[in-house]
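Listed below are the residues making up each chain.
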Amino acid sequence: MQSIHVQKAASAIKNKAALPDPKKVDLKFDYSPSQDGIDHNLLILLHGLGDSKTPFTRLGQQLKLPQTAIISIQGPEEVPYLDGCFQWFPSFNLLTGELLPPGHPEKMKGLLNTRSKINKLLEHLVNDCNWNPPNIFLFGFSQGGTVALDTALFGKVRNLGGIISISGYLLEEQSTDSRIDEGYPGYILITQGERDETMNKPIAETKFKQIKKLCSSSAEVSQAFIPNKGHTMPSTEQEWRLIHTFFGKNMPRRNIELENMSGVYLVNQ
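No experiment lies behind these values; they were computed from the predicted model shown.

Caption draft 1: Structural view of the overall build of the chain. Each helix and strand counted, the chain has seven helices and 11 strands in total. A fraction of 73% describes how many contacts in the chain between residues 6 or more apart in sequence connect residues 24 or more apart. Accessible area for the chain stands at about 13,500 Å²; split by element, carbon and sulfur atoms hold 52% of it.

Here is the structure:
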């Protein structure tokens, strides 16, 4: 006969997640628990080329997403000759200082190294800190957006909750990278400026189609072009409304009032 365990719901779920241990991962990060004291979701923030984790830590705190802790990660490599500026994969020719062209092997080599480090961090968050993958969301800008998409589509931890990429797409080599299953099944939002000088609209639309091919048929994947915007972080009400709507629609929520009712119990079989 199958055993049934009954316990009060309010005591069955912890409000605080275990703190991530810097010694168990290969990336530097800032971690902040949820401002409302309920660590139900986790938002991972990934900065752009030449930035660092600190501004994105502030951004995550300013978002004030309910029931959501944040972790802002720093790119593993310093940009050559620029102290305090970091990157997720090489972007410049060390001899000329020019940007590496599309398809340059050093870019993909660096991204694969970053993928390995992100995999290790996520496995620590899931296995040691008890985060549920569908409750983990990623927000990245430019290079950070590339890493966010790479993590969802090719990473070891599957079924992440959702991805927001601001002006970031897959590298050319990733469009032919082998998937490890039928495709990412979650939620993806990509925004970019109509005046983005690094990625024009036709190329962006082509890259978006490649991303959709790497997702399952059940995934919800959308792309939005912001008028009068270049290659920048969100700064308009229109774009931030899209972002907050994405979080509001797709981030799970605990019903604390229901959990705290004395007559409500959790049944586990």
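Caption draft 2: Representation of unusual backbone geometry. In this structure, Lys-64 takes a positive phi of about 50° despite not being glycine. Within the secondary structure layout, Lys-64 lies in the loop between α2 (53-63) and β4 (68-73). Using a relative accessible area of 59% as the deciding quantity, one classes Lys-64 as exposed.

Caption draft 3: Layout of the pairing of strand β7 (residues 136-141). For β7, a buried count of six out of six residues is recorded, marking the element as mostly surrounded by other parts of the structure. The two faces of β7 match: Ile-136, Leu-138 and Gly-140 on one face and Phe-137, Phe-139 and Phe-141 on the other face are all buried. Bridge count between β7 and strand β8 (residues 162-166): five bridges; the pairing is parallel. Bridge pairing in β8 links Phe-141 to Ile-166. Handedness of the β7-helix α4 (residues 143-154)-β8 crossover: right-handed.

Caption draft 4: Layout of the nonpolar core. Membership of the largest hydrophobic core comes to 47 residues, with the highest contact counts inside it found for Leu-42, Ile-44, Leu-46, Ile-73, Trp-131, Ile-188 and Ile-211. Setting aside residues up to four positions removed in sequence, Leu-42 forms contacts with Tyr-31, Thr-68, Ala-69, Ile-70, Ile-71, Leu-125, Trp-131, Asn-135, Ile-136 and Phe-137. Residues Leu-43, Leu-45, Phe-246 and Phe-247 belong to the second largest nonpolar core, which totals 18 residues.

Caption draft 5: Spotlight on the packing of helix α3 (residues 105-127) against α4. Where α3 contacts α4, the axes come no closer than 10 Å and their chain directions differ by 65°. As far as their axial angle goes, α4 and α3 are roughly perpendicular. Our pair here, α3 against α4, has a crossing hand that is right-handed. Residues Leu-111, Thr-114, Arg-115, Ile-118 and Leu-122 of α3 form the contact with α4, whose participating residues are Thr-146, Val-147, Asp-150, Thr-151 and Phe-154.

Caption draft 6: Examining the pattern of salt bridges more closely. Scanning the model with the defined rule gives seven salt bridges in all. Notably, a salt bridge pairs Glu-220 with Lys-249, separated by 3.2 Å at the nearest N-O pair. One end of the pair, Glu-220, is in strand β10 (residues 220-226); the other, Lys-249, is in helix α6 (residues 237-250), with 29 residues separating them in the sequence.

Caption draft 7: Layout of the sheet that holds β7. In space, the seven strands of this open sheet follow the order β2-β4-β3-β7-β8-β9-β10, with mixed pairing throughout. The strands lining the two open edges of the sheet, one partner per strand, are β2 (29-32) and β10. Strand-to-strand twist of the sheet, defined as the mean angle between neighbouring strand axes without regard to direction, takes the value 15°. Pairing of β8 with strand β9 (residues 187-193) involves five bridges; the strand directions are parallel. Looking at β9, one finds that Gly-162 is bridged to Tyr-187. Strand contacts of α2: β2, β3 (41-46), β4 and β7, with the helix running at about 165° to β4, the strand carrying the most contacts. Packing against the sheet, helix α5 (residues 201-213) makes contact with β9 and β10, and its axis sits at approximately 170° to β10.

Analysis parameters
- Residues numbered from 1 in each chain as written.
- Predicted model: local features only at pLDDT ≥ 70, side-chain atom pairs only at ≥ 80, totals over all residues.
- Heavy atoms only, no water.
- Helix = DSSP H or I, 4+ residues; strand = E, 2+ residues; numbered from the N terminus.
- Contact = heavy atoms within 4.5 Å.
- Areas by Shrake-Rupley, 256 points an atom, 1.4 Å probe, with all protein chains shown as cover.
- Buried < 20%, exposed > 50% of the residue type's maximum accessible area, 1.4 Å probe, protein only.
- Pairing = 2+ DSSP bridges.
- Right-handed = clockwise from strand over helix to strand, strands pointing away.
- Core = buried A, V, L, I, M, F, W, Y, C linked by side-chain atoms within 4.5 Å.
- Axes fitted to C-alpha atoms, helices over the stretch in contact; angles between N-to-C directions.
- Parallel < 35°, antiparallel > 145°, perpendicular 65-115°, else oblique.
- Left-handed = near helix turned anticlockwise from the far one by under 90°.
- Salt bridge = Lys/Arg side-chain N within 4 Å of Asp/Glu carboxyl O.

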